[in-house]
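# Descriptive structure summary
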Amino acid sequence: MRVSAPRRHRPRLEIIPFIDVMFFLLATFMMVSLAMVKNAGVAVQLPKAQTSGSEERKEQEVTLTVTDKGEVYFDHDKVSTAELPGKLAALKAEVGSEKAKVFLNSDRKATFDNVVGVLDEIRKQGITRIAIQTEKREKAP
């Protein structure tokens, strides 16, 4: 009878669990990144539009909000219509008219007159980069 020497097994590297862990980390990173996008505006019910898209926010951007009661907010600070030109002029002076960008959002129940008044004031200050925020509307059947 012949006695054979014990066989030495080479260690195996299992790659499937490694791929699972990497996909989990990638998905976690993506979810955390999406949660980090800040909205400086006041919470209102935005109107819906089919062409609605998301914009990336930067430091030189502000959000002007018109509520259903006609109140105007500059980011989270409530301002009167008399204070609005000064705030917009300060923004323009700080970053320049080419870089200044204003996100205009309003409650869907806000009067058109109030929203157009704020939009007119933005244009009077020479700020031309204006985005009107909306929610994505589902397509009609």
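Summarised in this report is the structure supplied together with it.

## Some remarks on helix α3 (residues 112-124)
For α3, spanning 13 residues, the distance from its first C-alpha to its last is 18 Å, which sits close to the expected 18 Å at 1.5 Å a residue. Along α3, the positions that sit buried rather than exposed are V115, V118, L119, E121 and I122. Considered in projection along α3, the buried side chains sweep an arc of 155 degrees and stay on one side of the axis. Opposite its buried face, α3 presents the exposed residues F112, D113, R123 and K124, each directed more than 90 degrees away. For α3, the elements touching its buried residues are β2 (61-66), β3 (72-74), α2 (84-95), β5 (101-106) and β6 (129-132). Just downstream of α3 lies G126, where phi reads positive at about 85 degrees.

## A short note on the pairing of β5
Counted residue by residue, β5 has 6 buried out of 6 residues, so it is predominantly covered. Residues K101, F103 and N105 line one face of β5 and the alternating positions V102, L104 and S106 line the opposite face, and both faces are buried. Across 6 bridges, the pairing between β2 and β5 is parallel. Residue pairing across strands places T65 opposite N105, the latter belonging to β5. In this view, the connection linking β5 to its parallel neighbour β6 by way of α3 has right-handed handedness.

## Examining the packing of α2 against α3
A packed helix pair is summarised by two numbers, namely the angle formed by the two axes and the spacing between the axes. Between α2 and α3, the shortest axis-to-axis distance is 9 Å and the interhelical angle comes to 40 degrees. With respect to their mutual orientation, α2 and α3 come out oblique. Pair α2 / α3 crosses with right-handed handedness. Contact residues: α2 offers L84, P85 and L88, while α3 offers V118, E121 and I122. Partitioning the contact of α2 with α3 into residue classes produces 5 nonpolar, no polar and 1 charged.

Analysis parameters
Residues numbered from 1 in each chain as written. Predicted model: local features only at pLDDT ≥ 70, side-chain atom pairs only at ≥ 80, totals over all residues. Heavy atoms only, no water. Helix = DSSP H or I, 4+ residues; strand = E, 2+ residues; numbered from the N terminus. Expected span 1.5 Å × (residues − 1). Buried < 20%, exposed > 50% of the residue type's maximum accessible area, 1.4 Å probe, protein only. Arc of directions from axis to C-beta. Contact = heavy atoms within 4.5 Å. Pairing = 2+ DSSP bridges. Right-handed = clockwise from strand over helix to strand, strands pointing away. Axes fitted to C-alpha atoms, helices over the stretch in contact; angles between N-to-C directions. Parallel < 35°, antiparallel > 145°, perpendicular 65-115°, else oblique. Left-handed = near helix turned anticlockwise from the far one by under 90°. Nonpolar A, V, L, I, M, F, W, Y, C, P; charged D, E, K, R; others polar.

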